[in-house]
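Below, each chain spelled out in residue letters.
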Amino acid sequence: MGYFSKDDFGEVCIKGANVFKGYFNNEKATQESIVDGWQHTGDIGMWLPNGSLKIIDRKKHLFKLSQGEYIAPEKIEAVYSDSKLVMQILVEGNPDQNYIVALVVPEPENLKSWLKTKGYKDSDDITQLLSNKEVRKNFLLELRKIGSLKDLTSLEQVK
(Lines give C-alpha, C1' and ligand atoms only; values in the text may rest on other atoms or scores of the structure.)
Protein backbone atom coordinates (compact mmCIF):
# COMPACT_ATOMS: atom_id res chain seq x y z
CA MET A 1 0.00 0.00 0.00
CA GLY A 2 2.99 2.32 -0.34
CA TYR A 3 3.93 2.43 3.36
CA PHE A 4 7.66 1.99 3.90
CA SER A 5 9.61 2.15 7.17
CA LYS A 6 12.35 4.12 5.41
CA ASP A 7 9.71 6.88 5.01
CA ASP A 8 8.64 6.59 8.68
CA PHE A 9 5.44 4.69 7.78
CA GLY A 10 4.49 1.14 8.64
CA GLU A 11 2.68 -1.28 10.89
CA VAL A 12 2.77 -0.35 14.56
CA CYS A 13 4.48 -3.10 16.58
CA ILE A 14 4.80 -2.95 20.37
CA LYS A 15 6.82 -4.88 22.92
CA GLY A 16 7.09 -4.73 26.68
CA ALA A 17 5.83 -6.00 30.01
CA ASN A 18 2.55 -4.10 29.58
CA VAL A 19 1.71 -5.81 26.26
CA PHE A 20 -0.79 -8.64 26.55
CA LYS A 21 0.42 -12.24 26.50
CA GLY A 22 -2.12 -13.43 23.94
CA TYR A 23 -5.74 -13.94 23.02
CA PHE A 24 -7.82 -15.93 25.49
CA ASN A 25 -8.34 -19.49 24.18
CA ASN A 26 -7.17 -18.51 20.70
CA GLU A 27 -3.60 -19.71 20.15
CA LYS A 28 -3.79 -19.22 16.37
CA ALA A 29 -4.68 -15.53 16.66
CA THR A 30 -1.94 -15.10 19.28
CA GLN A 31 0.68 -16.64 16.97
CA GLU A 32 -0.44 -14.36 14.13
CA SER A 33 -0.34 -11.28 16.33
CA ILE A 34 2.84 -11.84 18.38
CA VAL A 35 6.04 -12.49 16.41
CA ASP A 36 9.42 -12.64 18.20
CA GLY A 37 7.87 -10.96 21.23
CA TRP A 38 6.49 -8.05 19.19
CA GLN A 39 2.75 -7.58 18.97
CA HIS A 40 1.68 -6.56 15.47
CA THR A 41 -1.30 -4.28 16.09
CA GLY A 42 -2.63 -4.12 12.55
CA ASP A 43 -2.53 -0.32 12.72
CA ILE A 44 -0.50 1.63 10.18
CA GLY A 45 1.36 4.49 11.76
CA MET A 46 3.40 7.48 10.70
CA TRP A 47 6.06 9.24 12.73
CA LEU A 48 5.46 12.99 12.98
CA PRO A 49 8.31 15.54 13.10
CA ASN A 50 7.71 16.10 16.85
CA GLY A 51 8.36 12.38 17.52
CA SER A 52 4.76 11.38 18.12
CA LEU A 53 3.04 8.52 16.33
CA LYS A 54 -0.12 9.09 14.29
CA ILE A 55 -2.36 6.16 13.29
CA ILE A 56 -3.30 6.64 9.63
CA ASP A 57 -4.72 3.33 8.44
CA ARG A 58 -5.57 -0.28 9.27
CA LYS A 59 -3.58 -3.14 7.77
CA LYS A 60 -6.44 -5.57 7.36
CA HIS A 61 -9.19 -3.23 6.26
CA LEU A 62 -8.43 -3.63 2.59
CA PHE A 63 -10.47 -4.98 -0.25
CA LYS A 64 -9.45 -6.14 -3.67
CA LEU A 65 -11.08 -4.92 -6.89
CA SER A 66 -11.67 -7.12 -9.93
CA GLN A 67 -8.35 -6.14 -11.55
CA GLY A 68 -6.46 -7.25 -8.42
CA GLU A 69 -5.77 -3.81 -6.95
CA TYR A 70 -5.99 -3.50 -3.14
CA ILE A 71 -7.84 -0.46 -1.81
CA ALA A 72 -7.61 1.05 1.71
CA PRO A 73 -10.99 2.71 2.30
CA GLU A 74 -9.94 4.69 5.40
CA LYS A 75 -7.37 6.61 3.37
CA ILE A 76 -10.01 7.59 0.81
CA GLU A 77 -12.58 8.43 3.48
CA ALA A 78 -10.04 10.70 5.19
CA VAL A 79 -9.34 12.57 1.94
CA TYR A 80 -12.99 13.20 1.17
CA SER A 81 -13.84 13.95 4.83
CA ASP A 82 -11.51 16.94 4.67
CA SER A 83 -14.04 18.61 2.38
CA LYS A 84 -16.40 21.06 4.05
CA LEU A 85 -19.15 19.51 1.91
CA VAL A 86 -18.89 16.07 3.54
CA MET A 87 -20.31 15.35 6.98
CA GLN A 88 -19.83 11.55 6.82
CA ILE A 89 -18.62 9.09 4.22
CA LEU A 90 -18.31 5.33 3.85
CA VAL A 91 -16.21 3.91 1.01
CA GLU A 92 -16.80 0.34 -0.13
CA GLY A 93 -15.77 -1.92 -2.97
CA ASN A 94 -16.66 -5.28 -4.43
CA PRO A 95 -14.17 -7.82 -5.80
CA ASP A 96 -16.51 -8.31 -8.78
CA GLN A 97 -16.20 -4.63 -9.79
CA ASN A 98 -13.32 -2.45 -11.01
CA TYR A 99 -14.40 0.68 -9.10
CA ILE A 100 -15.34 1.81 -5.61
CA VAL A 101 -18.49 3.55 -4.39
CA ALA A 102 -19.26 5.81 -1.46
CA LEU A 103 -22.24 6.56 0.70
CA VAL A 104 -21.96 10.26 1.48
CA VAL A 105 -23.87 12.39 3.96
CA PRO A 106 -23.35 15.98 2.83
CA GLU A 107 -23.07 18.86 5.28
CA PRO A 108 -26.39 20.64 4.53
CA GLU A 109 -25.48 24.29 5.09
CA ASN A 110 -22.15 24.05 3.29
CA LEU A 111 -23.80 22.17 0.43
CA LYS A 112 -26.42 24.91 0.05
CA SER A 113 -23.73 27.61 0.03
CA TRP A 114 -21.66 25.68 -2.50
CA LEU A 115 -24.70 25.14 -4.73
CA LYS A 116 -25.41 28.89 -4.72
CA THR A 117 -21.95 29.44 -6.22
CA LYS A 118 -22.94 26.93 -8.93
CA GLY A 119 -26.08 28.89 -9.80
CA TYR A 120 -28.67 26.74 -8.03
CA LYS A 121 -31.58 28.44 -6.33
CA ASP A 122 -31.68 28.46 -2.56
CA SER A 123 -33.78 25.74 -1.04
CA ASP A 124 -34.34 24.85 2.59
CA ASP A 125 -35.27 21.30 1.62
CA ILE A 126 -32.02 19.37 1.38
CA THR A 127 -33.92 16.27 0.23
CA GLN A 128 -35.29 18.21 -2.74
CA LEU A 129 -31.83 19.49 -3.63
CA LEU A 130 -30.31 16.00 -3.47
CA SER A 131 -33.09 14.51 -5.59
CA ASN A 132 -31.85 16.68 -8.47
CA LYS A 133 -29.64 14.52 -10.73
CA GLU A 134 -27.54 17.54 -11.79
CA VAL A 135 -26.82 18.42 -8.14
CA ARG A 136 -25.62 14.87 -7.45
CA LYS A 137 -23.51 14.90 -10.64
CA ASN A 138 -21.85 18.20 -9.67
CA PHE A 139 -21.30 16.95 -6.12
CA LEU A 140 -19.55 13.83 -7.47
CA LEU A 141 -17.42 15.97 -9.78
CA GLU A 142 -16.43 18.10 -6.79
CA LEU A 143 -15.45 14.98 -4.84
CA ARG A 144 -13.35 13.78 -7.77
CA LYS A 145 -11.66 17.20 -7.94
CA ILE A 146 -10.85 16.96 -4.22
CA GLY A 147 -9.50 13.43 -4.72
CA SER A 148 -7.30 14.55 -7.59
CA LEU A 149 -5.89 17.43 -5.54
CA LYS A 150 -5.07 14.97 -2.73
CA ASP A 151 -3.34 12.55 -5.15
CA LEU A 152 -5.90 9.74 -5.12
CA THR A 153 -5.32 7.35 -8.00
CA SER A 154 -8.09 6.77 -10.55
CA LEU A 155 -8.94 3.49 -8.77
CA GLU A 156 -9.24 5.32 -5.45
CA GLN A 157 -11.73 7.82 -6.85
CA VAL A 158 -15.36 6.99 -6.05
CA LYS A 159 -17.85 6.44 -8.83
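The structure contained in this document is the topic of the report that follows.

Definitions and limits used
- Residues numbered from 1 in each chain as written.
- Predicted model: local features only at pLDDT ≥ 70, side-chain atom pairs only at ≥ 80, totals over all residues.
- Heavy atoms only, no water.
- Core = buried A, V, L, I, M, F, W, Y, C linked by side-chain atoms within 4.5 Å.
- Buried < 20%, exposed > 50% of the residue type's maximum accessible area, 1.4 Å probe, protein only.
- Helix = DSSP H or I, 4+ residues; strand = E, 2+ residues; numbered from the N terminus.
- Contact = heavy atoms within 4.5 Å.
- Phe/Tyr/Trp six-rings, centres within 6.5 Å; stacked < 30°, edge-to-face > 60°.
- Expected span 1.5 Å × (residues − 1).
- Arc of directions from axis to C-beta.
- Polar contact = N/O pair within 3.5 Å; in protein donor to acceptor, adjacent residues only side chain to side chain.

A short note on the nonpolar core
Next, step 1: Counting residues in each nonpolar core, the largest one holds 21 residues, and the members touching the most others are Ile76, Tyr80, Ile100 and Phe139.
Next, step 2: Every element with two or more residues in this core is listed here: α2 (73-81), β7 (86-93), α3 (108-117) and α5 (133-149).
Next, step 3: Considering each element in turn, this core owes the most residues, 4 residues, to α5.
Next, step 4: Apart from residues lying up to four places away in sequence, Ile76 is in contact with Ile71, Val91, Ile100, Leu152 and Glu156.

Here's the deal with the packing of aromatic side chains
Next, step 1: This structure, assessed with the given rule, holds 2 aromatic pairs.
Next, step 2: With a centroid separation of 5.1 Å and an interplanar angle of 75°, the aromatic rings of Phe20 and Tyr23 are classed as edge-to-face.

As for α5
Next, step 1: For α5, built from 17 residues, the straight-helix expectation of 24 Å at 1.5 Å per residue is met to within 8% by its first-to-last C-alpha distance of 24 Å.
Next, step 2: Residues of α5 that are buried: Val135, Phe139, Glu142, Leu143, Ile146 and Gly147. End-on view of α5: buried residues confined to an arc of 140°, all on one side of the axis.
Next, step 3: Elements in contact with the buried residues of α5: α2, β7, β8 (100-106), α3 and α4 (126-130).
Next, step 4: N-capping of α5 is provided by Asn132, with a side-chain oxygen placed 2.8 Å from the backbone N of Glu134.
Next, step 5: In the segment just after α5, Asp151 is the residue with positive phi, at about 65°.

Concerning unusual backbone geometry
Next, step 1: Phi at Asp8 takes a positive value of approximately 65°, unusual for a residue other than glycine.
Next, step 2: Relative to the elements of secondary structure, Asp8 occurs in the segment before β1 (9-14).
Next, step 3: A positive phi is found at Asp36, a non-glycine position, where the angle reads about 55°.
Next, step 4: Within the secondary structure, Asp36 is located in the loop between β2 (34-35) and β3 (38-47).
Next, step 5: Owing to a relative accessible area of 70%, Asp36 belongs among the exposed residues under this scheme.

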